[in-house]
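For reference, the chains in residue letters:
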Amino acid sequence: MTRVMDAQFLEDATGRRRQSSRATRHAVRSHLHAATYDEDTLENAVLPVVPHDVGRKTSPRPHRAPAPGRRGGFKVWKTAFWKRRRRLWAERNAAARAIAESD
């Protein structure tokens, strides 16, 4: 990585947090991996303390507000059940109209 790319990366706060948390996770894993071979080291292990949580996951995005004029929730009328039901209603109404017109 060149210095220009490094400077661009460090200017980004999110990128900086990602980089530091990855570095911390790597350091902790390396430290614990090396400590597994020595019981005394494992008992006296002091893991690095940083402002980032060691296994931190990002939060999901907040829900967007629906566009004006839109209803919230699941579009029930688009399910196969309602599509079948609407077709049956349309056929029944067409048959009723045909009977009414024939009279």
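Conventions used here
- Residues numbered from 1 in each chain as written.
- Predicted model: local features only at pLDDT ≥ 70, side-chain atom pairs only at ≥ 80, totals over all residues.
- Heavy atoms only, no water.
- Patch = residues over 30% accessible without salt bridge, like charges linked within 9 Å, V, L, I, M, F, W, Y side chains within 5 Å.
- Areas by Shrake-Rupley, 256 points an atom, 1.4 Å probe, with all protein chains shown as cover.
- Salt bridge = Lys/Arg side-chain N within 4 Å of Asp/Glu carboxyl O.
- Lys, Arg positive; Asp, Glu negative; His and termini not counted.
- Charge placed at Lys NZ, Arg CZ, Asp CG, Glu CD.
- Buried < 20%, exposed > 50% of the residue type's maximum accessible area, 1.4 Å probe, protein only.
- pLDDT = per-residue confidence, 0-100.
- Helix = DSSP H or I, 4+ residues; strand = E, 2+ residues; numbered from the N terminus.

Right, let's talk about a positive patch on the surface for a bit. Where like charges cluster on the molecular surface, the positive patch consists of R70, K75, K78 and K83. For R70, a relative accessible area of 60% puts it in the exposed group.

Looking at the chain, the pLDDT average stands at 77 and 76% of residues meet or exceed 70. Across the chain, helix α4 (residues 80-102) holds the top mean pLDDT of 93, while helix α1 (residues 3-11) sits lowest at 58.

In total, this model carries one salt bridge according to the counting rule given. E91 serves as the salt-bridge partner of R87, at 3.6 Å between the closest nitrogen and oxygen. Taken together, the positions of R87 and E91, both in helix α4 and four residues apart, correspond to about one turn of that helix. The exposure class of E91 is partly exposed, given its relative accessible area of 46%.

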